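# Working through the structure, step by step
Letter by letter, the chains look like this.
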Amino acid sequence: MARARSEERRTEIVRAALEVIAERGYRGASLGAVAERVGLTQQGLLHYFPTKEALLVAVLEERDRWDTSGGRDRERWRLDLMESLVEYNAMRPGIVQTFSALLGESVTEDHPARAFFTERYVQVRENMADVLRAEYGAELPGGLTPERVAPLLTAVMDGLQFQWLLDPDAVDMPASFRDFLALLAPAGRPAGAGRDTP
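Source: prediction; values computed, not measured. (Residues numbered from 1 in each chain as written. Predicted model: local features only at pLDDT ≥ 70, side-chain atom pairs only at ≥ 80, totals over all residues. Heavy atoms only, no water.)

### Remarks on the overall build of the protein
A tally of helices and strands in the protein yields nine helices and zero strands. Each helix and strand of the protein, ordered N terminal to C terminal, gives the series α-α-α-α-α-α-α-α-α. For the protein, the share of sequence-separated contacts (at least 6 apart) that also reach a separation of at least 24 residues comes to 65%. Summed over its atoms, the accessible surface of the protein is roughly 10600 Å², and 53% of this surface lies on carbon and sulfur atoms. (Helix = DSSP H or I, 4+ residues; strand = E, 2+ residues; numbered from the N terminus. Contact = heavy atoms within 4.5 Å. Areas by Shrake-Rupley, 256 points an atom, 1.4 Å probe, with all protein chains shown as cover.)

Written out as structure tokens, the structure is:
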């Protein structure tokens, strides 16, 4: 019972941290502000997360768990699920904004999320290559390998998020992602049709 309550409290803290980071950025977000939002003292919050860095990693891991694949489960990654994820992200701007802000901040040398994002992108590129190979085989239209296209696909997904956050009325993120997938598909076969589909 106590363990379940502790997990509930941790989840509440992580979600509050997401809100505070979305409003103020990571550097502007204080443990005190997060603690206040969940009705704790800062010392009380430190019982659950001993450092701000530990809380940040928990926030990033929680965000990945909300995605259909968690960024790590290769078996569940398919192009149609990636399309669904883009559509899902378009319905949760606050989460996307927080993730994008942290990603942008993490490129500095001393940022505590830098290692998380570096490792995450290694895994994401591998997953993307697997998805592309399952969909198109060893060679995509234009002669590129899945490994060559994987960073481009990743860049499109993240780049669309930034453009959409800045001007949501001008950028239809799900439609633009589908347009990109159409560029990858061989002539006469729609994207997402599957490699073995006639």
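More follows now that the structure is in view.
### A closer look at the packing of aromatic side chains
Applying the stated criterion across every chain yields a total of two aromatic pairs. A ring pair is formed by Phe-99 and Phe-117, whose centres lie 5.3 Å apart and whose planes are at 70°; its orientation type is edge-to-face. Taken together, the residues span a long stretch of sequence, with Phe-99 in helix 6 (residues 93-105) and Phe-117 in helix 7 (residues 114-136) at a distance of 18 residues. Where Phe-116 meets Phe-117, the ring centres are 5.5 Å apart and the plane angle is 85°; that geometry is what we call edge-to-face. By relative accessible area, which is 3% here, Phe-117 ends up buried. (Phe/Tyr/Trp six-rings, centres within 6.5 Å; stacked < 30°, edge-to-face > 60°. Buried < 20%, exposed > 50% of the residue type's maximum accessible area, 1.4 Å probe, protein only.)

### Considering helix 9 (residues 173-184)
Three or four residues apart is the spacing at which side chains of an α-helix point the same way, because the helix has 3.6 residues per turn. With 12 residues, helix 9 extends 17 Å from end C-alpha to end C-alpha; this agrees with the ideal 16 Å at 1.5 Å per step. Restricting attention to buried positions, one finds in helix 9 the residues Met-173, Pro-174, Phe-177, Phe-180, Leu-181 and Leu-184. For helix 9, the arc enclosing every buried residue in end-on projection is 120°, short of the 170-degree limit, so these residues lie on one face. For helix 9, the exposed residues lying more than 90 degrees away from the buried face are Asp-179 and Leu-183. (Expected span 1.5 Å × (residues − 1). Arc of directions from axis to C-beta.)

### Notes on the side chain of Asp-158
One can find Asp-158 in helix 8 (residues 146-166). Summary of buried charges: Asp-158 has no salt-bridge partner, and the nearest side chain of opposite charge, Arg-120, is 5.7 Å away. Leaving out residues up to four positions away in the same chain, Asp-158 has contacts with Leu-103 and Tyr-121. (Lys, Arg positive; Asp, Glu negative; His and termini not counted. Salt bridge = Lys/Arg side-chain N within 4 Å of Asp/Glu carboxyl O.)

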